[in-house]
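Chain residues, written in single-letter form:
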Amino acid sequence: MPQMDPLFEAMSYYRRRKFEECVEITTNLLDKNPNDQVAWLLKMRALTEQLYIDETEIADDGLADMLDENAFHQAPMPGTSMRQPTANTGMNGPSPALRPTTMSGRPITGMVRLNTQSTQGGKSMENVLKTARTAATARPVTTATGRFVRLGTASMLSTPDGPFIQVSRLNLSKYAQKQAIARSLFEHLFHHANDIRTALQLATLANELFQNKDWWWLLQLGKCYHRLDMFRDAEKYYLFALELQPMVDIYLYLAKIYLRLDQPLTSIKKLQEGLEKFPLEPFLVQAIARIHEGLNDIPQSIEHYRQVLKLNNTNIEATACIAANHFYNDQPEIALKFYRRLLQMGVTTASIFNNIALCCFHAQQYDMIVACFLKALACVTTDEERAEIWYNIGEMALYTTEIHLAIQCFRLALVHNNDHAEAYNNLGLVELQRNNNEIGQAYLQTAQSLAPHMFEPYFNYGKSMHEQGDLQNSFRAIKSSLDIYKNHSDSKQIYDELKKMFSEL
């Protein structure tokens, strides 16, 4: 029986997204004939698809972005900047007492996604470097993140133990004229090789041939300048591409540009322009919802997430964010319906079972709590998530006055994540209630150093010092608590008492 043609078999693997098998076959073909352009092109595209990422998703800011040379307003109006903490501005969002905040001063989202841990909180480089890198904090990754670090690449001749393409040996002028190869080569340089400057040279040469009349090359020029943090140049080419060919992706890229320039309202305006041309596009509505959430305008954010669900009722992010909003608005029964919907859609992660357990507890459906926590512990894959689950079990134990169980759970949380500030805070409270003042205060001070964005450790420490008669340390801690959450009534009461006592001295 004759065997299938290897090239046809490689193309079949490529269509079925079995890229490793495709690369293996095309490598064998290139070993036999290094000048086989079809096999070379197919291998290049397979390698690119293996590492392709969606550039429309907002990426995490790197440490180098803390040194951004762009000038930003130092005291912007509330609701107009993503670089200022919003939890303490008195906007429509929830208070930090009801909904926890991130290091950047924004309420936690219903779904962990890129840029929810950004450095845009007006924090100094020193504070950012001191911050532990956890899912609930705002420490950025290094600028050369793992997805951008690729092994070398490029040349028409592939060697068994070397890179597929040697970039320095490419004749970019020749490839720019071959449109059948130029676009695939650009994507390989951009996504696989991560050689943005060479990709920019290729895009510039190809764009010169088309005399700024090909929207695809204009868009790629914008992406290159965007990756190189040349935002105004990127904006110019995005707008050129938009004039030639209105596309949803281009509106999303422009929104990213304006967000990096700290112009969220301009970003929303551009996305709304996109909705005028693409009125039923859920990605545009979802992007607007994310920006409103970043500005702490939770009602507008939830309204847009509901619109997303009307357009696409299987959107996981919108469902999770609406569920989290109902939970923190003291509506656990409604939140439980949304989390069960996620289970029906096949999202069976530890976080979902953990959230369902919390909703069942607050909705007084006690028969499901233990089963959901056990399922969450069975599904968990990371130490950070395991720490969160044990912390929540400890919270349930505190509600039921099982103090010893709560202590064990909080200690287990610290075993899996030694930077868990909430566990330190609760352990401090428990030790203070057991009259172990020194140990409790040590725990609270540890929580303060790990999570300077939380007001609870400062308030608890200040209250403890006030009861012991250390008024000076109490005053400092309560003042720090009010700096973080200025509307906290208990902190205000102690602050007023201390201020009155000091004025009488």
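This text goes with the structure placed above it.
Keep in mind the model is a prediction, meaning the values are calculated, not measured.

K.L.:
Explain the overall build of the chain here, please?
P.N.:
When you go through the chain residue by residue, the secondary structure sums to 24 helices and zero strands. In the chain, which comprises 505 residues, the proportion classed as buried is 49%. Counting contacts in the chain only where the partners sit at least 6 residues apart, residues at least 24 apart contribute 54% of the total. As presented, the chain carries roughly 25300 Å² of accessible surface, and 51% of it is formed by carbon and sulfur atoms.

K.L.:
What am I meant to see in the nonpolar core here?
P.N.:
General note: in soluble globular proteins, nonpolar side chains tend to be found buried as a group. Membership of the largest hydrophobic core comes to 105 residues, with the highest contact counts inside it found for Leu185, Phe186 and Tyr339. Per element, the largest residue contribution to this core is ten residues, and it comes from helix H10 (residues 248–260). The contacts of Phe186, once residues within four sequence positions are left out, are Ala199, Leu202, Ala203, Trp216, Trp217, Gln220 and Cys224. Core analysis: the next-biggest nonpolar cluster, separate from the first, contains 14 residues, Ala397, Ala406, Ala423 and Ala447 among them.

K.L.:
Help me out: how do you make sense of the packing of helix H23 (residues 471–484) against helix H24 (residues 489–504) in this one?
P.N.:
Any two packed helices are characterised by the angle at which their axes cross and by the distance between the axes. Interaxial distance between H23 and H24 falls to 10 Å at its minimum, and their mutual angle equals 140°. Judged by the inter-axis angle, H23 sits oblique to H24. The two elements H23 and H24 cross, and the hand of that crossing is left-handed. For the pair H23 and H24, contact is made by Leu471, Gln472, Ser474, Phe475, Ile478, Lys479, Ser481 and Leu482 and by Ser491, Lys492, Ile494, Tyr495, Leu498, Met501 and Phe502, respectively. Its residues assigned to classes, the contact of H23 with H24 comprises nine nonpolar, four polar and two charged.

K.L.:
I tried to follow the pattern of salt bridges on my own but got confused; where do I start?
P.N.:
Two side chains carrying opposite charge are able to pair once their charged atoms lie near each other. Per the stated rule, a full pass over the model turns up eight salt bridges. Among the salt bridges present, the one from Glu273 reaches Lys270, with a minimum N-O distance of 3.2 Å. Taken as a pair, Glu273 and Lys270 lie in helix H11 (residues 264–277) at a separation of three residues, close to a single helical turn. Residue classification places Glu273 among the partly exposed residues on the basis of a relative accessible area of 31%.

K.L.:
Even after reading the chapter, I still don't get unusual backbone geometry, so can you show me in this structure?
P.N.:
The phi torsion of most residues other than glycine is negative, and most of the peptide bonds are trans. One non-glycine residue, Asn212, adopts positive backbone phi at about 60°. Structurally, Asn212 is set in the loop between helix H7 (196–210) and helix H8 (215–227). Taking relative accessible area as the criterion, Asn212 reaches 40% and is therefore assigned partly exposed. Its identity is not glycine, yet Asp330 carries a phi of approximately 65°, on the positive side. The class of Asp330 is exposed, set by a relative accessible area of 65%.

K.L.:
I would appreciate a short explanation of the environment of Ala203 in the present structure.
P.N.:
Relative to the helices and strands, Ala203 resides in helix H7. Between the C-alpha atom of Ala203 and that of Arg183, which follows or precedes it by 20 residues, the distance is 8.7 Å. Apart from residues no more than four positions distant in its own chain, Ala203 is found in contact with Phe186, Trp217 and Leu221.

Calculation criteria
- The residue numbers shown here count from 1 along each chain, following its written sequence.
- Selection of residues for local features in this predicted model requires a pLDDT of at least 70, selection of side-chain atom pairs for listing and counting requires 80 or more, and totals for whole chains, interfaces and linings are taken over all residues.
- To obtain the side-chain values, all non-hydrogen atoms of the structure were used and water was disregarded.
- Strands are runs of DSSP state E lasting at least two residues, helices are runs of H or I lasting at least four, and both sets are numbered from the N terminus onward.
- Burial here depends on accessible area, computed with a 1.4 Å probe over protein chains only, as a share of the maximum for the residue type. Under 20% is buried, over 50% is exposed, and the range in between is partly exposed.
- Note on contacts: a residue pair qualifies if any of its non-hydrogen atoms lie within 4.5 Å across the two residues.
- Surface accessibility in these figures is a Shrake-Rupley result with a 1.4 Å probe; residues are shielded only by whichever protein chains are displayed.
- The criterion is simple. A nonpolar core is a set of buried Ala, Val, Leu, Ile, Met, Phe, Trp, Tyr and Cys residues joined through side-chain atoms within 4.5 Å.
- Axis lines are fitted to C-alpha atoms, over the contacting stretch for helices. Their N-to-C directions set the angle, which ranges from 0 to 180 degrees.
- Roughly parallel means an angle under 35 degrees; roughly antiparallel means over 145; roughly perpendicular covers 65 to 115; every other angle is labelled oblique.
- By convention the crossing between two helices is left-handed if the near helix lies anticlockwise of the far one by an angle smaller than a right angle, and right-handed if it lies clockwise.
- Residue polarity follows a fixed list, in which Ala, Val, Leu, Ile, Met, Phe, Trp, Tyr, Cys and Pro are nonpolar, Asp, Glu, Lys and Arg are charged, and the others, Gly among them, are polar.
- Any Lys or Arg side-chain nitrogen located within 4 Å of an Asp or Glu carboxyl oxygen qualifies as a salt bridge.

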